[in-house]
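Next come the chains, spelled out residue by residue.
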Amino acid sequence: MGTGHLTIDLAALADNWRALDAASGADVETGAVVKANGYGLGAGPVARTLARAGARRFFIAVAEEGPALREVLGGGPDIYVFGGHMAGDAELIRELGLIPLLNSIDQLTRHIEALPGHPFGIQLDTGMNRLGLEPEEWQAVRDIVLSAGPALLMSHLASSDDPDAAQNAAQLATFRAMTDGTGLPRSLAATGGTLLGPDYHFELTRPGIGLYGGAPFTEGKPVVSLSLPVIQTRLVRAGEGVGYSATWTADEDTLVATVAAGYADGMDRALSNTGMLWAGDVPCPILGRVSMDLIGCDVSALDPVPEALEALGPAQGIDALAAATGTIGYEVLTTFGRRYARRFTGHA
Ligand SMILES: *Cc1c(COP(=O)(O)O)cnc(C)c1O
């Protein structure tokens, strides 16, 4: 096998949803965010698994993600669109029964003119300054909007991965001021907000990254593993260099494996001379520069050298690999998910 394989453990995914559902509390519904093709892992298998686990409300970024999702979910579950109702979306929204989370007065007007009576939700900006109606805009249209009976009022927390951030309580207070007394279903918490406790849960939580085994849900199970085949192994003599520009030189004779993945496969070039691959619990430091399709690493500690080394596995999860290049688990998932053949295990 010449290329790496991403293995996705659907049983772990379902367990993570159940754990976040338990953390959301008994009277709170738990949705599932499956935007960007299920965080890169495949919206179809991911959504099917989560629906079987009990999720009934799904969230995507844009209406174009709707058809693939509606096909696997069938007619029952709700599909909300964070990007709202964009020009040209009306047909998809109507045919697939999507629920746009309207972000602006323009979107409100567009939706009500194009699809009168079609369900919608409202996204409010409580301080992230990314999407949603500002408090003053909401004030101006609130009564008209409420009389149309929105399906959901929601907002998004900017700093919920940090429980000590003052912005969390500030956004909560703003959200309450904008929505208390409406009697409508509300949602504020993604994964981080779900872990901040019941004040943040309202009627519906909507975790994403925690389902897929990422921080801040540190108790979650790893969902993804990635093993990279070893193409060749050689003994590099003391004084010899490895890779482009020989940026690593052997102090002593070193057994070096060349594996089949590189920066074209999402293995960031910043891993050069700093990252690790793993053989079970044995670390194999990356030696020299990451090439487009190849990486050298130190396998002196291994006998025999296995057929593949792990870039993601029990010893190194998505957040650990992300930390080695200064990014976050979200980016590792969405980058790798696009590039590798996916293999699903633990069918729910
Ligand atoms: C992506 C996203 C989520 C899910 O966030 P996680 O941190 O992955 O749990 C929830 N709500 C909105 C508006 C989002 O954009």
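Computed from a prediction, not measured in an experiment: that's the story for all the values here. (Residues numbered from 1 in each chain as written. Predicted model: local features only at pLDDT ≥ 70, side-chain atom pairs only at ≥ 80, totals over all residues. Heavy atoms only, no water.)

Enquirer: How would you sum up helix 8 (residues 166-179)? Please name residues and give values.
Expert: With 14 residues, helix 8 extends 20 Å from end C-alpha to end C-alpha; this agrees with the ideal 20 Å at 1.5 Å per step. Among the residues of helix 8, those classed as buried are Asn168, Gln171, Leu172, Phe175, Met178 and Thr179. Around the axis of helix 8, the buried residues are gathered within 130° of arc, so they sit on the same side. For helix 8, the exposed residues set more than 90 degrees away from the buried face come down to Ala166 and Ala177. Each element contacted by the buried residues of helix 8 is listed here: helix 7 (135-147), strand 8 (153-154) and strand 9 (186-187). With its phi angle positive at about 85°, Gly181 sits one or two positions after the end of helix 8. (Helix = DSSP H or I, 4+ residues; strand = E, 2+ residues; numbered from the N terminus. Expected span 1.5 Å × (residues − 1). Buried < 20%, exposed > 50% of the residue type's maximum accessible area, 1.4 Å probe, protein only. Arc of directions from axis to C-beta. Contact = heavy atoms within 4.5 Å.)

Enquirer: I'd like to hear about the pattern of salt bridges, residue by residue, with values.
Expert: Counting across every chain of the model gives six salt bridges. Between Arg18 and Asp15 there is a salt bridge; the shortest N-O distance is 2.8 Å. Taken as a pair, Arg18 and Asp15 lie in helix 1 (residues 10-24) at a separation of three residues, close to a single helical turn. Taking relative accessible area as the criterion, Asp15 reaches 28% and is therefore assigned partly exposed. A salt bridge links Glu29 to Arg57; the nearest nitrogen and oxygen atoms lie 3.0 Å apart. With a gap of 28 residues between them, Glu29 in strand 2 (residues 29-30) and Arg57 in strand 4 (residues 57-60) connect regions that are remote in the sequence. (Salt bridge = Lys/Arg side-chain N within 4 Å of Asp/Glu carboxyl O.)

Enquirer: Which residues make up the nonpolar core, and what values do they have?
Expert: Judged by nonpolar contacts, the single largest core of 71 residues is most densely connected at Leu50, Phe58, Met267 and Leu309. Tallying contributions element by element places helix 1 first for this core, with six residues. Two domains each put at least three residues into this core: domain 1 (10-212) and domain 2 (224-345). Beyond its immediate stretch of four places on either side in the chain, Leu50 contacts Leu13, Trp17, Ala32, Val34, Ala55, Phe58 and Leu211. (Core = buried A, V, L, I, M, F, W, Y, C linked by side-chain atoms within 4.5 Å. Domains from an automatic or database assignment.)

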